[in-house]
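Inside the fold
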Amino acid sequence: MRNWFRKAPAVQDQATLPALIQYYKKSGDFVHFHNPQTPQPYWISYFGSLIDVEILHRDILPNLHKTDLTSLEAVKAALPFEDVVITSERQKIEDALFRGSVLIQLHETDAACALVRAEMKKSREVTIPEEEYSVVGPKEAFVESITTNLNLIRTRLPISELQVKEYTIGKLSKTKVAVIFIEGIANQENVNTVCQRLENLQFYQILDSSFISQLIEDNSTSLFPQLIDTERPDRVAGALGEGGVVIIVDGSSHVLIGPISITELFNAFEDYFFNWQIASFLRLVRVFAVSFSILITPIYVAVLTYHYQLIPKDLLVTLVSSRRNIPLPPILEAIILELTIELLREAGARLPSKVGQTIGIVGGIVIGTAAVDAGLTSNVLLIIVALAALASFTTPVYRMGNTIRLLRFPFLLMAYLWGLLGIAIAFLFLITHLLRLTSLGRPYLEPIYPPRLKDLKDAFIRLPFSMQSNRPHFLQTKDPNRFPVKKADEVKDIDE
């Protein structure tokens, strides 16, 4: 990939440690001072905005004052830290300083120094999920600290097979990124694909996991998410147990899961907390809601523009009467209402929560009523657009909801141009795109195509756990079995 950023010549020229320190002294938050009051004077340097001052004054300075610092090894022995590093490598020194380490020199001109970690750790407390809230099940969500997020995962999977590979990505941001998988279950090819794509990244800064998602997805121009981003540790633990690969980005409260299939975008992890009949019903409702949200408005435009004969006579009378005073053709009427809904959504999302809810509810009622009274739209279409907007909120994955919102517009255009034939053509283009789409090299439409009957047990419906002894086939896991196959009645009769 293209190299997006090169270090400034001023930084490249600082080949020695003293020169590097002189360059950093240009920054107002860089501290460099000499303490001559100890048995052996020393120099200390750090970025005041990155270190914990309490650690400096409680654990570092008092121990340096009490010790005769004849060498850097003596400095290391005097400090109550296990990870004191002695080095003269400029890159290590630079990385450590910007990660919150304190640099100690015995003489200002020395090329070697001791590095002591004293970073200031600030992160919010673990709270309940906001986007993937569930009535039942755990109520913990990821936060912006990668250490805390790893803790939330390891407490759910306390096994030695859980492996973590760490990377530093971003020429400017130096963001920590961790790849997590379970050795012996995850397909090594999937792991290697993720690791290779991360290693090849040469982007200037990574501020969130969504940056990683856009940079390593198989098709960055597709509207469909090829990695699931989640804020639920239980969902991540479940995906790792299935053989998935997880990506955690420091500074992001969302974690990426891959590879995925399109059926997982309709499945909420909460489904596994209900019995299989209720879970299956909810999944089918979501599939119907997504289809309804995409197609209902285009069908309305197509039928009123080209196919009046398909409408029952009783319903036709209602539609004609509702559109009697409407000066606009159905396509403009539909686009105006769709854009109005999008404006209300965006305004509600950008405003403070309490004000946003008021705008969404009151604004929708007032604008909808006024539009009907003004003769800009029919009350029938207003109901249809409102139901379509409501149906788009049923998807458990937020990014998929955005995809559905945008898909309606090309379908609307095709419906206006060629009626139901145009909708069929748009649908064929959509299916063709999905057939070609992959997630980390795995087919996106699995288990529909290629057909995998075993994977259908946990796709659009969820069969009982006793009938799901195998992990998803499309992940090609090393260990395909979740648990030993036993008949349910044998398990139930153990105590008899």
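Structure: above.
What comes next concerns the included structure. (Residues numbered from 1 in each chain as written. Predicted model: local features only at pLDDT ≥ 70, side-chain atom pairs only at ≥ 80, totals over all residues. Heavy atoms only, no water.)

1. Quick notes on the overall build of the chain
Each helix and strand counted, the chain has 16 helices and 12 strands in total. Since a compact globule built from 496 residues should have a radius of gyration of about 23 Å, the 29 Å found for the chain marks it as more spread out than a globular shape. Considered along the principal axes of its C-alpha atoms, the chain spans approximately 100 × 70 × 40 Å. Looking at the chain residue by residue over its 496 residues, the buried ones come to 45%. Intrachain contacts of the chain at a sequence separation of at least 6 include 64% that bridge at least 24 residues. When the accessible surface of the chain is summed, it comes to about 25,800 Å², and 60% of that surface belongs to carbon and sulfur atoms. Across the chain, the 48 positively charged side chains and the 52 negatively charged ones have centroids separated by 4 Å. (Helix = DSSP H or I, 4+ residues; strand = E, 2+ residues; numbered from the N terminus. Rg over C-alpha atoms; globule rule 2.2 N^0.38 Å. Buried < 20%, exposed > 50% of the residue type's maximum accessible area, 1.4 Å probe, protein only. Contact = heavy atoms within 4.5 Å. Areas by Shrake-Rupley, 256 points an atom, 1.4 Å probe, with all protein chains shown as cover. Lys, Arg positive; Asp, Glu negative; His and termini not counted. Charge placed at Lys NZ, Arg CZ, Asp CG, Glu CD.)

2. Examining the side chain of asparagine 187
Position of asparagine 187 among the secondary structure elements: in the loop between β7 (175-182) and α7 (188-199). Non-local contacts of asparagine 187, meaning those with residues more than four positions away in its chain, are made with Gly243, Arg442, Leu475, Gln476 and Thr477.

3. Considerations on the sheet that holds strand β10 (residues 255-258)
The 5 strands lie next to each other as β6-β7-β9-β10-β8, forming an open sheet whose pairing is antiparallel. Every other strand in the sheet has two partners, leaving β6 (162-169) and β8 (228-230) as the edge strands with one partner each. On average, adjacent strands in this sheet sit at an angle of 25 degrees to one another, irrespective of strand direction. The sheet contact formed by strand β9 (residues 245-249) and β10 spans 3 bridges and is antiparallel. (Pairing = 2+ DSSP bridges. Axes fitted to C-alpha atoms, helices over the stretch in contact; angles between N-to-C directions.)

4. Description of the nonpolar core
Judged by nonpolar contacts, the single largest core of 42 residues is most densely connected at Ile153, Phe224, Leu240 and Ile248. Secondary-structure elements contributing two or more residues to this core are α6 (146-154), β7, α9 (233-242), β9, β10, α10 (276-306) and α15 (398-436). It is α15 that contributes the most residues to this core, 10 residues altogether. The contacts of isoleucine 153, once residues within four sequence positions are left out, are Phe142, Leu162, Ile180, Val236, Leu240 and Ile248. (Core = buried A, V, L, I, M, F, W, Y, C linked by side-chain atoms within 4.5 Å.)

5. Brief notes about the sheet that holds strand β1 (residues 30-35)
Here 5 strands make up an open sheet; going across it, the order is β1-β2-β4-β5-β3 and the pairing antiparallel. Each having just a single partner strand, β1 and β3 (85-87) make up the two edges of the open sheet. Put simply, the sheet's adjacent strands are angled 25 degrees from each other on average, direction ignored. Note: strand β2 (residues 42-47) against strand β4 (residues 101-105), 3 bridges, orientation antiparallel.

6. Thoughts on the pairing of β10
Residues Val255 and Ile257 line one face of β10 and the alternating positions Leu256 and Gly258 line the opposite face, and both faces are buried. Bridge analysis of β8 against β10 gives 3 bridges, and the strand direction is antiparallel. Bridge pairing in β10 links threonine 230 to valine 255. Counted between consecutive antiparallel strands, the loop separating β9 from β10 contains 5 residues, among which glycine 251 sits at a positive phi close to 95 degrees.

7. Comments concerning a positive patch on the surface
Taken together, the side chains of Arg99, Lys171, Lys174 and Lys176 present a region of like positive charge at the surface. Within the secondary structure, lysine 176 is located in strand β7. Note on lysine 176: relative accessible area 32%, which makes it partly exposed. (Patch = residues over 30% accessible without salt bridge, like charges linked within 9 Å, V, L, I, M, F, W, Y side chains within 5 Å. Salt bridge = Lys/Arg side-chain N within 4 Å of Asp/Glu carboxyl O.)

8. Points about the environment of leucine 265
Relative to the elements of secondary structure, leucine 265 occurs in the loop between β10 and α10. Residue class for leucine 265 comes out buried when judged on its relative accessible area of 0%. Here the alpha-carbon distance between leucine 265 and proline 18, two residues 247 residues apart in the chain, equals 55 Å. What leucine 265 contacts, discounting residues up to four positions off in sequence, is Pro225, Ile228, Ile260, Thr395, Pro396, Val397, Met400 and Tyr444.

9. Regarding unusual backbone geometry
The step from glycine 258 to proline 259 runs through a cis peptide bond, and the omega angle for that step is -10 degrees. Mapped onto the elements of the fold, proline 259 is located in the loop between β10 and α10. Along the chain, glutamate 446 connects to proline 447 via a cis peptide bond; the corresponding omega equals 10 degrees. Relative to the assigned elements, proline 447 resides in the loop between β12 (442-443) and α16 (488-492). Phi at lysine 174 takes a positive value of approximately 50 degrees, unusual for a residue other than glycine. Inspection of the secondary structure puts lysine 174 in the loop between β6 and β7. For lysine 174, a relative accessible area of 30% gives the class partly exposed. One non-glycine residue, leucine 440, lies in positive phi territory at about 55 degrees. Within the secondary structure layout, leucine 440 lies in the loop between β11 (438-439) and β12.

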